[in-house]
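This is what each chain is made of:
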Amino acid sequence: MAASTTAPPSTETFWADAERHLVRYGGEFTREIIDRAAGSFLFTADGRKILDFTSGQMSAILGHSHPEIVATVQRQVATLDHLYSGMLSRPVVDLARRLADTLPAPLEKALLLTTGAESNEAAIRMAKLVTGRHEIVSFARSWHGMTQAAASATYCAGRKGYGPGAPGNFAIPVPNVYRPDFTAADGSLDWRRQLDFAFDLIDAQSTGSLAACLVEPILSSGGIIEPPAGYFAALQDKCRERGMLLILDEAQTGLCRTGTWYAFERDGVVPDILTLSKTLGAGLPLAAVVTSAEIEQEAYERGFLFFTTHVADPLVAAVGNTVLDVLTDDKLDERARSLGVFLRQGLADIAGRHEVVGDIRGRGLLAGLELVVDRETKQSSDELGARVTRRCLQLGLHMNIVQLPGMGGVFRIAPPLTATEDELSLGLTILDEAIGDACAVL
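Residues numbered from 1 in each chain as written. Predicted model: local features only at pLDDT ≥ 70, side-chain atom pairs only at ≥ 80, totals over all residues. Heavy atoms only, no water.

### A few points about the sheet that holds strand 1 (residues 34-38)
No. 1: The strand order across the open sheet built from 4 strands is 1-2-3-13, with neighbouring strands paired in mixed fashion. Edge positions in the open sheet fall to strand 1 and strand 13 (397-398), since each of these has one partner strand only.
No. 2: Sheet topology note: the strand 1/strand 2 (residues 41-44) ladder contains 4 bridges and is antiparallel. Paired with A38 across the two strands is F41, which belongs to strand 2. (Pairing = 2+ DSSP bridges. Helix = DSSP H or I, 4+ residues; strand = E, 2+ residues; numbered from the N terminus.)

### Quick word on the confidence of the model for the protein
Caution is warranted with low-pLDDT regions, since their predicted coordinates should not be read in detail.
No. 1: Scored by pLDDT, the protein has a mean of 96; 98% of the residues are at 70 or more.
No. 2: Highest mean pLDDT in the protein belongs to strand 8 (residues 245-249) (99); lowest belongs to strand 14 (residues 400-402) (91). (pLDDT = per-residue confidence, 0-100.)

### Some points on the packing of helix 3 (residues 67-77) against helix 11 (residues 314-329)
No. 1: Contact geometry for helix 3 and helix 11: axes closest at 9 Å, N-to-C directions at 150°. Between helix 3 and helix 11, the crossing angle belongs to the class labelled roughly antiparallel. Note that helix 3 runs across helix 11; the crossing there is right-handed. Across from E68, I69, T72, V73, Q76 and V77 in helix 3, the residues of helix 11 making contact are P314, L315, A318, V319, T322, V323 and V326.
No. 2: Taken together, the residues that form the contact of helix 3 with helix 11 break down as 9 nonpolar, 3 polar and 1 charged. (Axes fitted to C-alpha atoms, helices over the stretch in contact; angles between N-to-C directions. Parallel < 35°, antiparallel > 145°, perpendicular 65-115°, else oblique. Left-handed = near helix turned anticlockwise from the far one by under 90°. Contact = heavy atoms within 4.5 Å. Nonpolar A, V, L, I, M, F, W, Y, C, P; charged D, E, K, R; others polar.)

### Some words on the environment of G165
No. 1: Structurally, G165 can be placed in the loop between helix 6 (148-152) and strand 6 (169-172).
No. 2: With 14 residues separating them along the chain, G165 and A151 place their C-alpha atoms 7.6 Å apart.
No. 3: The contacts of G165, once residues within four sequence positions are left out, are Q148 and S152.

Structure below.
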């Protein structure tokens, strides 16, 4: 069949169709028509080149259209793309085995799914079945997904207007070093006292049915908040005292982004259940739940059911294997560490020039920059964050800003692990200029 020669609709028609036919699912759409993407850049229909400092939706860790991913998709889709959910293929078993090889014992059993919400849904379902309990504890600024159990454990957005969530969900305060609530004599965060207080409240509210604690090693949608060293070991102790499972959601931190294969490695803990998504598929819909043989056996004996349309699909499993190949062959954990140092220094230089930069945080190539209008009071300004974001896009840089009550605008900076120093420098230069331009009209 000959290729169509029909011209694409005009820009005006495109936006008219979008406004008429699309459900708006999270704020306003970015007013750019994206035509293609390659490496660290997006290209618009009108010829603009935009540096992508979010790796798509924090997922495309190998950049866009990575040649090895492209080759894998082309090869696999032509041979074996999708199966009846009870059938197995070599890419699925290979990926499960190889994931286990990247993880400490006893994490060795994997369930391959599609999205982060789905992996958290499955993990929560497994934890409830294995423990025989139903109560779930999460951070007060968490984001674990938009399906029922995951959404019920999500507190940073999306809770108003939908009726009751799943019963037995509790929030604990976030250990935010920049904005401490429990303080020591020197004004620093007293996270141990905060954690003790949090679980005193949990114990008071619990009906005696605590099943699991589901948390992110670094809260991303919550503002790139990294709990202090030692926190997760203490949290795991709290869980064990109560017979709870610890579930770590590494949707954005797993697979080398923070400079190690998994963010939890810093803390010397091993979760009972690990969930992976975004980075595992490098932009394609692939997620995983990984647990121990003991927990999997208990779940199996109790009739664990998570039979979905795209569980264990061979196409995306093959992509996951290629992602592991590239991460290993190109030593992208080491690259994320070194580029993270370069990025952090560039952000510190920007902070030295602009008083509105209140804090810089994060690890590896997951960085946060918080804007404030006053460094002493840490007063926030949604308007300033929005103005900087708009100016960045005008100058050719796509940035994502998280705006939460009680916090300033926090930029989530997550370029691909394949980005170059020159590309990071370009992004930093644009961000510097955008902050200066936005402050000039305050």
